[in-house]
Amino acid sequence: SAEVGDLALYQVHPSYPGAIPSPGSRVRGEVYEVDDDKLRQLDDLEDNGLLYRRQLLPVRLLTSGKTLNCWVYLWLGEVNPATYIPLSAQPWRES
């Protein structure tokens, strides 16, 4: 598990969440090492540039405390404040 600072997570669709900039908030998730081909596949899956934008951000690994620069997909659409996903309910899993 890992955390990214200054982001907040929202349920933007019944099947997936979206993270947006939010000073002081944190998002918890997972880190994977992928090659360039897999990264292009993820860009297609995440509709990079349409629904999400891939951005390089510092991510803190919870097991070691080490910080890595990782690609994170940020939601480009609007969010409903009522769909905020608290840190205690992260990482997000589809119900």
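Located above this text is the structure these notes cover.
Attention here is on the structure that accompanies the text. Bear in mind the structure is a predicted one, so any value in this text is a computation, not a measurement.

A word on the layout of surface pockets
Looking at the largest pocket, its volume works out to about 1,200 Å³. Glu-30, Glu-46, Trp-71, Val-72 and Tyr-73 are, among the 32 residues lining the largest pocket, the residues nearest its centre. Those elements giving two or more residues to the lining of the largest pocket turn out to be β1 (2-13), β2 (16-29), α1 (36-45), β3 (52-61) and β4 (67-75). Taken together, the residues of the lining of the largest pocket break down into 23 nonpolar, 2 polar and 7 charged.

Some details on the packing of aromatic side chains
Evaluation of the coordinates by the stated rule reveals 4 aromatic pairs. The interplanar angle of 65° and the centroid separation of 5.6 Å between the aromatic rings of Tyr-10 and Tyr-84 together place this pair among those described as edge-to-face. With Tyr-10 in strand β1 and Tyr-84 in strand β5 (residues 84-85), this residue pair connects regions lying 74 residues apart in the sequence. Judged by relative accessible area, Tyr-10 falls into the buried class, the value being 12%.

Some points on the nonpolar core
Grouped together as the largest cluster of nonpolar side chains are 13 residues, with contacts concentrated most on Val-4, Leu-7, Ala-19, Leu-57, Val-59, Val-72 and Leu-74. Counting only elements with at least two residues in this core, the list comes to β1, β2, β3 and β4. Of the residues forming this core, the biggest block, 4 residues, is contributed by β1. Setting aside chain neighbours within four positions, we find Val-72 in contact with Val-4, Leu-7, Arg-53, Arg-54, Gln-55, Leu-57 and Val-59.

Reading the values: the criteria
Residues numbered from 1 in each chain as written. Predicted model: local features only at pLDDT ≥ 70, side-chain atom pairs only at ≥ 80, totals over all residues. Heavy atoms only, no water. 1 Å grid on protein atoms, 1.4 Å probe; cavity = no way out; pocket = protein on both sides within 12 Å on 5 of 7 lines; lining within 4 Å. Points joined across faces, edges and corners; volume = space filled by probe spheres on them. Helix = DSSP H or I, 4+ residues; strand = E, 2+ residues; numbered from the N terminus. Nonpolar A, V, L, I, M, F, W, Y, C, P; charged D, E, K, R; others polar. Phe/Tyr/Trp six-rings, centres within 6.5 Å; stacked < 30°, edge-to-face > 60°. Buried < 20%, exposed > 50% of the residue type's maximum accessible area, 1.4 Å probe, protein only. Core = buried A, V, L, I, M, F, W, Y, C linked by side-chain atoms within 4.5 Å. Contact = heavy atoms within 4.5 Å.

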